[in-house]
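# Observations on chain architecture
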Amino acid sequence: QVQLVESGGGLVQAGGSLRLSCAASRNIFSLYAINWYRQAPGKRRELVASITSGGSTNYADSVKGRFTISRDNAENTVHLQMNSLKPEDTAVYYCNAASVLLHRDYWGQGTQVTVSS
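Rules used in this analysis
Residues numbered from 1 in each chain as written. Predicted model: local features only at pLDDT ≥ 70, side-chain atom pairs only at ≥ 80, totals over all residues. Heavy atoms only, no water. Phe/Tyr/Trp six-rings, centres within 6.5 Å; stacked < 30°, edge-to-face > 60°. Helix = DSSP H or I, 4+ residues; strand = E, 2+ residues; numbered from the N terminus. Buried < 20%, exposed > 50% of the residue type's maximum accessible area, 1.4 Å probe, protein only.

Turning next to the packing of aromatic side chains. Evaluated as defined, the whole model comprises two aromatic pairs. Here Tyr32 and Tyr106 contribute two aromatic rings whose centre-to-centre distance is 6.0 Å and whose plane-to-plane angle is 50°, an arrangement assigned as tilted. In this pair, Tyr32 sits in the loop between β3 (18-24) and β4 (33-39) while Tyr106 sits in strand β10 (residues 104-107), placing the two residues 74 residues apart along the sequence. For the pair formed by Tyr32 and Tyr106, the shared burial category is buried. Ring geometry for Tyr37 versus Trp107: centroids 5.1 Å apart, planes at 45°, classification tilted.

Time to look at the environment of Ala74. One can find Ala74 in the loop between β7 (67-72) and β8 (77-82). The class for Ala74 is exposed, based on a relative accessible area of 74%. Taking the C-alpha atoms as reference, Ala74 lies 18 Å from Asn35; in sequence the two are 39 residues apart.

Have a look at this one:
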C-alpha cells in the first residue's frame, strides 16, 4: 500500500509561481512512475507531467516550458514547479503513482490551484 499526500496548492495571480509536492509513504520510485493530473470544473482530467522510474520526464503541451517535474529520492517526494501561471491552469491537481509491473496505482486527494487574472 502507498499513501500519497499533495501540498503546495493555493491562490496566486497570473504570472506567479507555485510548487506542488507529492510525498509518498515509502520509497516507491524504483517501481512506480509518478504523474501529475489536473481537472478543472466541466473539463476532462488532463495528464500534466510525469516522471518514470528511470527519471525520464514528459509534459503536456499546454505546460511545456513553464512546469518542471522533479523528485527527491531521499525524501520520497516529487515536486511540480509551476511558473508563469495562467488562469487556465486553475484546477485540482492530483498526484498519481502507477506501476505497470505491479498492476497497481494510487492517488492523492488533490490540491486546489487557483490562478487569478
